[in-house]
There are 4 protein chains.
Amino acid sequence: MANFKGHALPGSFFLIVGLWWSVKYPLIYFHQKGKSSQLTHYHQRLEIIEAAIRTLFSVIGILAEQFVPDGPYFHLYHENQWVKLMNWQHSTMYLFFAVSGIVDMLTYLIAHVPLGVDRLVMAMAVFTEGFLFYYHVHNRPPLDQHIHSLLLCALFGGTFSIFLEVILRDNIVLQLFRTTLVILQGTWFWQIGFVLFPPFGAPEWDQKDEANIMFITMCFCWHYMAALCIVAINYSLVYCHLTRLKRCGGEIIGIQKLKSDHTYQTALLTGSDEE
Amino acid sequence: MANFKGHALPGSFFLIVGLWWSVKYPLIYFHQKGKSSQLTHYHQRLEIIEAAIRTLFSVIGILAEQFVPDGPYFHLYHENQWVKLMNWQHSTMYLFFAVSGIVDMLTYLIAHVPLGVDRLVMAMAVFTEGFLFYYHVHNRPPLDQHIHSLLLCALFGGTFSIFLEVILRDNIVLQLFRTTLVILQGTWFWQIGFVLFPPFGAPEWDQKDEANIMFITMCFCWHYMAALCIVAINYSLVYCHLTRLKRCGGEIIGIQKLKSDHTYQTALLTGSDEE
Amino acid sequence: MANFKGHALPGSFFLIVGLWWSVKYPLIYFHQKGKSSQLTHYHQRLEIIEAAIRTLFSVIGILAEQFVPDGPYFHLYHENQWVKLMNWQHSTMYLFFAVSGIVDMLTYLIAHVPLGVDRLVMAMAVFTEGFLFYYHVHNRPPLDQHIHSLLLCALFGGTFSIFLEVILRDNIVLQLFRTTLVILQGTWFWQIGFVLFPPFGAPEWDQKDEANIMFITMCFCWHYMAALCIVAINYSLVYCHLTRLKRCGGEIIGIQKLKSDHTYQTALLTGSDEE
Amino acid sequence: MANFKGHALPGSFFLIVGLWWSVKYPLIYFHQKGKSSQLTHYHQRLEIIEAAIRTLFSVIGILAEQFVPDGPYFHLYHENQWVKLMNWQHSTMYLFFAVSGIVDMLTYLIAHVPLGVDRLVMAMAVFTEGFLFYYHVHNRPPLDQHIHSLLLCALFGGTFSIFLEVILRDNIVLQLFRTTLVILQGTWFWQIGFVLFPPFGAPEWDQKDEANIMFITMCFCWHYMAALCIVAINYSLVYCHLTRLKRCGGEIIGIQKLKSDHTYQTALLTGSDEE
């Protein structure tokens, strides 16, 4: 879907996931510190619902790519020609995210799925997106090529970081890093839409101008800065909210920084429960 | 062996290994959880037999490459010319896999071989395959070059993952990841055969068509998706089969998910037996 | 600021940070071995002051880039043209370092910021610098391009090393490695200034001469060698100074090398306090 | 020194180091298992002597590069021209290895040098060699370029592996891997000598022939295979020799494979002494 909507829709999808994660992970992090065992069950249900929604989103994405007016309607090869390969490629990307969502659900639903498989499949979904994008943008104007290829940094960086979570599961720093990259992806899809298909009758961008490419490179960094700020703000809000809640309830979360925090982080590495 | 058979044979080899691993690793994983000490001996014999078969396959590969009708018959240099370097390169790939098989056998047979050496040599065998493929495909039609170079993703990804197993031995997620990559390689060899040397009188593919290259890129992702599904299905089948078996025998495998699973995974990292 | 000063100023900034770190990290390392608990508080204040100064430097950098006589004065787009994108890119680099400084401060000031976030943001700041430099140097003379691109080695190596510190926090070897890379960056900025904008009326360098490029490559290695030596010397000076100080005070730092050292290093990995 | 000797000499240097390591590391590995505390002191002296010899070799290398008949005699810039930059680059490589040797010595001589710094500097020495080689081979015939660039695989692979030893010190698998890469480098330097400067009046190689390049790629893999075999043979010889020695002395090395081996390997990771 090479138009504004075709970029705004996946952008919104990633943005919603990113914003949700920027609330979820701090929430779980602070709760796990307080160690209310009741939360574990609640946490599990939360993860299942989230994964289900992500799967749903991805399935909608697949159907949208297939059944837009000029879509392939699940025809792949017709009269000696491949039919709408662009839409098929986008469907493939969504398919991987759908499978990642399903595996996430299974991990929390069924006891015999080894932990870490969900992260592995998510890493492969992100890698596949980057892999398809990489071969996607040949033979296009320079700005189009550049603006898409910047995304590869976020995607391959994300693959590496998520793969690391297979080993270092529940590391809050890696989780927040992943969150910033998802938000970056979301806002960047919107940016691509605004640059390549200016809506509201805005003037076209000169796709061969060096200065435009230079600005877009810098703009990508600003988007990441914005993503960092969003995550930082949501993290603080969650903390303030929880502190107020606990104060009302008379409880105090025992946050013993410096040592305990460090122990927590590394306890995940060793699997011991010395905290 | 630049023909259909020359791709179908190694493809089948990798596919058989992949399918076998997709049964073996879940089997061992569930058994180790039940901790029946008797299995360890059985496990060891299994590994030795598997490694022996892999070595045998590789030796057959070497001999096939050398003694096909237009093979080099172990002549390397003749009348100021290199003889059939393509066959020699394939032989070299098989040689590394043969050595990897031998080292695997030795690791389980002889007590003084340090654990991890088998994974290291396997990683080097996979790397060598990728390394030779990388320099293999210059000066060929675009589609031929592209379809072979896609394999490099699987090979270098595999090298990284197997190398990681030197440190994180017996991590089920890494083992399953390796399994999916081997299956991917197997099915992809078959795909290469079908595309470059269409059997059964099928029409030739246009090796310069952009759309074909675009389809093949996407097709590679579908193959990986299929590999993921195969591994998932076999994993489930093994689990169901074991559960039924145990129920008949009156035993129950104690699977305490969430915590125990995590502890297990990380216990491997720390080497402690706190499980 | 494409002139001598524009390279000497950031060079001095990195050099000062590097020299300070080459004193700070050995100091903390030796003190932590002696385990005087009083230091922890002192250490914390030190880190906050350092981060504040780094933030200040970065803000000065941003303002300098914006308000130099031919700067953009915070105008980004004027009369259908991007205004002084070069200065904006430099401002962006400084902005990331400023944010990294602020996060460093927050980590030590506020108890609920998870440890490791400071390293993550620092890694992203270094990566952003490298990322912008990478797209910065197109369409320039070969020597100009080469001398800037050498910096990428230091920057991406630094990104990797600092990212590793998220997991392996307080590892003295990684800290010293980071220090050498910062010093390298500092001295190299000065070198770039001397080569591209020779001060004091020195003759211009031929920017297309192969021999100049070859020398500059080697020169980069010498700069790293110098950085290694500076860190080694400062490390020794700190040790000698501390030993003398302790001898006067009648105390002895118990340095039990070989085992204790190793335990210390790995204790960080496991988070246990077995030392 | 672009001649046969100029490649045979460093080749021999690396080969000697590699062969020595292929004896040393198994020796230390088996001894540490037997835990005779007396060895530690002997081990330390061994390391110091080895490092001293490596430093000596490197200094000889520097002097040889400077004082060969057509060398630069420590002149760098003369009459507006860089003097013999090739020799200077080689000297720089040797310089880094010399410094690596010195740091190795210091690590074992002086108690306050943190363990791991020796590996870091060694990794940087190997990286520097690769870095200089990378920019070294522009504007040369294809075969010359190719045969040198193959070395980069060994060098950057080695950098990664040695850097890993900063964290996973004394891991026998990583040590043996490093050993194979050093032997590979040694034999490959000899190969380069034989190909580019055929001694004993052998015929010249056609430096533009595709088949030659293809053969050389494969030949590189065979060299690695040979390196693997050499290390495996020396490992076995050391084991047999030690077993015979112990049997005569009435002692038995307690090698409890499978479990103990694994524990040992991972104990290094956690720093605990549970063995």
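Residues numbered from 1 in each chain as written. Chains lettered and ligands numbered in written order. Predicted model: local features only at pLDDT ≥ 70, side-chain atom pairs only at ≥ 80, totals over all residues. Heavy atoms only, no water.

- By the naming in an unreviewed UniProt entry, chain A is Transmembrane protein 45B, taken from Panthera leo.
- Per UniProt, the comment on chain A under Subcellular location (unreviewed entry) is "Membrane".
- Listed in UniProt under the heading Sequence similarities (unreviewed entry), the comment for chain A reads: "Belongs to the TMEM45 family." (UniProt positions renumbered as here; feature names shortened; annotations may be inferred.)

**A word on the overall build of chain A**
Here comes step 1: A tally of helices and strands in chain A yields eight helices and two strands.
Here comes step 2: The order of helices and strands in chain A, counted from the N terminus, is α-α-β-β-α-α-α-α-α-α.
Here comes step 3: Sequence-distant contacts in chain A: of pairs separated by 6 or more residues, those separated by 24 or more amount to 74%.
Here comes step 4: In the form shown here, chain A has an accessible surface area of approximately 11700 Å², with 67% of it arising from carbon and sulfur atoms. (Helix = DSSP H or I, 4+ residues; strand = E, 2+ residues; numbered from the N terminus. Contact = heavy atoms within 4.5 Å. Areas by Shrake-Rupley, 256 points an atom, 1.4 Å probe, with all protein chains shown as cover.)

**A closer look at the confidence of the model for chain A**
Residue and element names in this part refer to chain A.
Here comes step 1: Mean pLDDT over chain A works out to 83, with 88% of the residues at or above the 70 mark.
Here comes step 2: In this model, residues 251-275 is a region of pLDDT below 50 whose contacts with residues beyond four sequence positions or in other chains number 64 contacts.
Here comes step 3: Across the interfaces of the predicted complex, the ipTM metric reaches 0.84, alongside a pTM of 0.86. (pLDDT = per-residue confidence, 0-100.)

**A look at unusual backbone geometry**
Residue and element names in this part refer to chain B.
Here comes step 1: Although it is not a glycine, Lys84 adopts a positive phi angle of roughly 45°.
Here comes step 2: Within the secondary structure, Lys84 is located in the loop between strand 2 (81-82) and helix 3 (85-109).
Here comes step 3: Given a relative accessible area of 39%, Lys84 falls into the partly exposed group.
Here comes step 4: Phi at Asp170 is positive, roughly 65°, even though this residue is not glycine. (Buried < 20%, exposed > 50% of the residue type's maximum accessible area, 1.4 Å probe, protein only.)

**Considerations on the packing of helix 4 (residues 117-134) of chain D against helix 6 (residues 172-196) of chain D**
Residue and element names in this part refer to chain D.
Here comes step 1: Interhelical geometry of helix 4 versus helix 6 gives an angle of 30° and a closest axis separation of 14 Å. Considering how the two elements wind past one another, helix 4 and helix 6 form a crossing that is left-handed. Of the residues in helix 6, those in contact with Arg119, Met122, Glu129 and Phe133 of helix 4 are Arg178, Gln185 and Phe189.
Here comes step 2: Its residues assigned to classes, the contact of helix 4 with helix 6 shows three nonpolar, one polar and three charged. (Axes fitted to C-alpha atoms, helices over the stretch in contact; angles between N-to-C directions. Left-handed = near helix turned anticlockwise from the far one by under 90°. Nonpolar A, V, L, I, M, F, W, Y, C, P; charged D, E, K, R; others polar.)

**A word on the side chain of Arg178 of chain D**
Here comes step 1: Assignment of secondary structure puts Arg178 of chain D in helix 6.
Here comes step 2: Here Arg178 of chain D is in contact with Trp21, Tyr25, Arg119, Met122, Ile162 and Glu165 of chain D, once residues within four sequence places are set aside.

**Here's the deal with the UniProt feature "transmembrane region" (unreviewed entry) in chain A**
Residues and elements named next belong to chain A.
Here comes step 1: When the UniProt feature table is mapped onto this chain numbering, "transmembrane region" (unreviewed entry) sits at residues 12-30, 88-111, 120-137, 149-168, 180-201 and 213-237.
Here comes step 2: This span, residues 88-111, is 92% helix and 0% strand, and a straight line between its end C-alpha atoms measures 35 Å.
Here comes step 3: Span residues 213-237 is 100% helix and 0% strand, its end C-alpha atoms 36 Å apart.

**A word on the pattern of salt bridges**
Here comes step 1: Going through the model one piece at a time under the given rule, you end up with 36 salt bridges over all chains.
Here comes step 2: By sharing partners, the salt bridges in this structure join Lys24, Glu47, Glu50, Arg54 and Asp104 of chain A into a single network. (Salt bridge = Lys/Arg side-chain N within 4 Å of Asp/Glu carboxyl O.)

**Quick notes on the packing of aromatic side chains**
Aromatic ring pairs are defined here through the distance separating the ring centres and the angle between the ring planes.
Here comes step 1: Scanning the entire structure with this criterion turns up 116 aromatic pairs over all chains.
Here comes step 2: A ring pair is formed by Trp205 of chain A and Trp82 of chain C, whose centres lie 6.0 Å apart and whose planes are at 45°; its orientation type is tilted. Of this pair, Trp205 of chain A sits in the loop between helix 6 (172-196) and helix 7 (210-249) while Trp82 of chain C sits in strand 2 (residues 81-82), each in a different chain.
Here comes step 3: Between the aromatic rings of Phe14 of chain D and Phe189 of chain D, the centroid separation amounts to 5.8 Å while the plane-to-plane angle is 5°, which identifies the pairing as stacked. A residue pair is termed long-range when its members are at least 10 positions apart, and Phe14 of chain D in helix 1 (residues 4-34) and Phe189 of chain D in helix 6 qualify at 175 residues. Each member of the pair, Phe14 of chain D as well as Phe189 of chain D, is classed as buried.
Here comes step 4: In textbook terms, an aromatic cluster arises when at least three aromatic residues are bridged by ring pairs, as seen for Phe67, Phe74, Tyr77, Trp82 and Trp88 of chain A together with Trp205, Phe215 and Trp222 of chain B.
Here comes step 5: Geometry around Trp21 of chain B places Arg178 of chain B over its ring, the cationic atom sitting 4.6 Å from the centre. (Phe/Tyr/Trp six-rings, centres within 6.5 Å; stacked < 30°, edge-to-face > 60°. Lys NZ or Arg CZ within 6 Å of the ring centre and 35° of its normal.)

**Let's talk about the environment of Glu165 of chain B**
Residues and elements named next belong to chain B.
Here comes step 1: In this structure, Glu165 sits in helix 5 (residues 142-167).
Here comes step 2: Taking relative accessible area as the criterion, Glu165 reaches 0% and is therefore assigned buried.
Here comes step 3: Here the alpha-carbon distance between Glu165 and Ala98, two residues 67 residues apart in the chain, equals 20 Å.
Here comes step 4: Setting aside residues no more than four positions away along its own chain, Glu165 makes contact with Arg119, Leu174, Gln175 and Arg178.

**A look at helix 5 (residues 142-167) of chain C**
Here comes step 1: Given a rise of 1.5 Å per residue, 26 residues ought to cover 38 Å, and the 39 Å separating the end C-alpha atoms of helix 5 of chain C matches this to within 8%.
Here comes step 2: Taken across its 26 residues, helix 5 of chain C has 19 buried, putting it largely inside the fold. (Expected span 1.5 Å × (residues − 1).)

**Concerning helix 6 (residues 172-196) of chain C**
Residues and elements named next belong to chain C.
Here comes step 1: Its 25 residues place the ends of helix 6 36 Å apart at the C-alpha level, agreeing with the 36 Å of an ideal helix rising 1.5 Å per residue.
Here comes step 2: Within helix 6, 23 of the 25 residues are buried, which leaves the element mostly enclosed by the surrounding structure.
Here comes step 3: Of the residues flanking the start of helix 6, the one acting as N-cap is Asn171, its side-chain oxygen 2.9 Å from the backbone nitrogen of Val173. (Polar contact = N/O pair within 3.5 Å; in protein donor to acceptor, adjacent residues only side chain to side chain.)

**Looking at the nonpolar core**
Among soluble globular proteins, nonpolar side chains are generally buried collectively.
Here comes step 1: Core analysis: the largest hydrophobic core is formed by 276 residues, its most contacted members being Trp188 of chain A, Trp188 of chain B, Trp188 of chain C together with Trp188 of chain D.
Here comes step 2: Among all residues touching Trp188 of chain C, those that are not within four sequence positions of it are Ile147, Leu150, Leu151, Ile216, Cys219, Phe220 and His223 of chain C. (Core = buried A, V, L, I, M, F, W, Y, C linked by side-chain atoms within 4.5 Å.)

**Quick word on the environment of Tyr224 of chain D**
Residue and element names in this part refer to chain D.
Here comes step 1: Counting through the fold element by element, Tyr224 comes out in helix 7 (residues 210-249).
Here comes step 2: For Tyr224, a relative accessible area of 4% translates into the label buried.
Here comes step 3: A C-alpha to C-alpha distance of 26 Å links Tyr224 and His241, two positions 17 residues apart in sequence.

**Regarding a nonpolar patch on the surface**
Here comes step 1: A contiguous nonpolar surface patch, about 450 Å² in accessible area, is contributed by Val59, Leu63, Phe67, Tyr73 and Phe74 of chain A.
Here comes step 2: Within the secondary structure layout, Val59 of chain A lies in helix 2 (residues 38-67). (Patch = residues over 30% accessible without salt bridge, like charges linked within 9 Å, V, L, I, M, F, W, Y side chains within 5 Å.)

**As for the environment of Ala227 of chain B**
Residues and elements named next belong to chain B.
Here comes step 1: Topologically, Ala227 is positioned in helix 7 (residues 210-249).
Here comes step 2: According to the relative accessible area criterion, Ala227 is buried, its value standing at 1%.
Here comes step 3: As for Ala227 and Arg178, which are separated by 49 residues in sequence, their C-alpha atoms are 11 Å apart.
Here comes step 4: Once residues lying within four places of it in the same chain are set aside, the contact partners of Ala227 are Thr180, Ile183 and Leu184.

**Looking at the state of the cysteines**
Here comes step 1: Scanning the entire structure with this criterion turns up zero disulfides over all chains.
Here comes step 2: Counting only cysteine sulfurs, Cys221 of chain A is the nearest neighbor of Cys153 of chain A, a cysteine outside any disulfide, at a range of 9.0 Å. (Disulfide = S-S within 2.5 Å.)

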